[in-house]
Amino acid sequence: MIRRAVLLLLASLLLCAGAGQAQAAGYRYWSFWERDAGRWVYATQGPSLARPSDGDVQGFRFAVSEDSASAVRPRGTADFATICAKTPAQEGRKRVALVIDFGTPSDAPGGASPPAARTACARVSPDATTAEALAAVAEPLRYDTNALLCAISGYPEKGCGEQVSRDEQKRKPVAEKSAPSDDGPSLGLVGGIAVVVALGVAAIWQVRRRG
């Protein structure tokens, strides 16, 4: 009887683990980044509020991410001098280097083919926001009613920050992942199952011993 109860409990826990894998993998959206000391840092402000300085490098990456901690960074290592080499400085204007990464086919909606990643140097007014710098070099842009950036250079054609399930998203190449894989049950769940197994075995042993 005890053995049966333990087996039923184990089956229930494993079903819960499987159900967790069917939950949402995250959201498909354009993330916004800033280059700081040669590395990408997730921006703390939206592009419509951020006001970069002359010489700054800003990046955008289209991908499926659970949250900012697991968001995928823009690819490429081009710095300001490289990106803006052909855009001379101009009095009364500032230059902002932009890296626009359209992502991979695994993150594309509806089987779309993402454009190749590119860079651009925006020369804008001194008080321009990142959104204004982006509009100067990567139109058409598309926003939703909440001012969420939905498309850059018309990509993607439809959708905006939609939720994506694990079943919908294809497995990403290892190099594309910014956070540890979450393909299996959590360590906490595995540990819990191990405890249940140990308790079950002990209970069965006690029953047999008394018998």
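Model, not experiment: these values are computed from the prediction. (Residues numbered from 1 in each chain as written. Predicted model: local features only at pLDDT ≥ 70, side-chain atom pairs only at ≥ 80, totals over all residues. Heavy atoms only, no water.)

Caption draft 1: Structural context of empty space enclosed by the protein. With the rule as written, the count across this model stands at one cavity of 30 Å³ or more. Reported here for the largest cavity is a volume of approximately 50 Å³. In terms of lining, the largest cavity is formed by 13 residues, of which the most central are Arg 28, Phe 62, Cys 150, Cys 160 and Gly 161. Counting only elements with at least two residues in the lining of the largest cavity, the list comes to strand S1 (24-36) and strand S7 (149-151). (1 Å grid on protein atoms, 1.4 Å probe; cavity = no way out; pocket = protein on both sides within 12 Å on 5 of 7 lines; lining within 4 Å. Points joined across faces, edges and corners; volume = space filled by probe spheres on them. Helix = DSSP H or I, 4+ residues; strand = E, 2+ residues; numbered from the N terminus.)

Caption draft 2: Structural view of the layout of surface pockets. Its volume calculated, the second largest pocket comes out at about 220 Å³. Among the elements that make up the lining of the second largest pocket, the one with the highest residue count is S1 (four residues).

Caption draft 3: Spotlight on the nonpolar core. By size, the foremost hydrophobic cluster in this structure holds 20 residues, and its most contacted members are Trp 30, Phe 60, Leu 98, Ile 100, Leu 134 and Ile 152. If you tally residues by element for this core, the top one is strand S4 (residues 94-101), at three residues. For Leu 98, the residues in contact, after removing those within four places along its chain, are Gln 58, Phe 60, Ile 83, Arg 118, Thr 119, Ala 120, Ala 122, Ala 133, Leu 134 and Val 137. If you look at the next biggest cluster of nonpolar residues, it comprises eleven residues, including Tyr 29, Val 57, Ile 83 and Val 99. (Core = buried A, V, L, I, M, F, W, Y, C linked by side-chain atoms within 4.5 Å. Buried < 20%, exposed > 50% of the residue type's maximum accessible area, 1.4 Å probe, protein only. Contact = heavy atoms within 4.5 Å.)

Caption draft 4: The pattern of salt bridges, seen in detail. One pass over the full model with this rule turns up three salt bridges. Close ionic contact of Asp 101 with Arg 61 constitutes a salt bridge, the shortest N to O distance being 3.5 Å. Highlighted residues: Asp 101 in strand S4 and Arg 61 in strand S3 (residues 57-65), separated in sequence by 40 residues. In this pair, the class of Asp 101 matches that of Arg 61, namely buried. With a shortest N-O distance of 2.7 Å, Arg 75 and Asp 101 are connected by a salt bridge. (Salt bridge = Lys/Arg side-chain N within 4 Å of Asp/Glu carboxyl O.)

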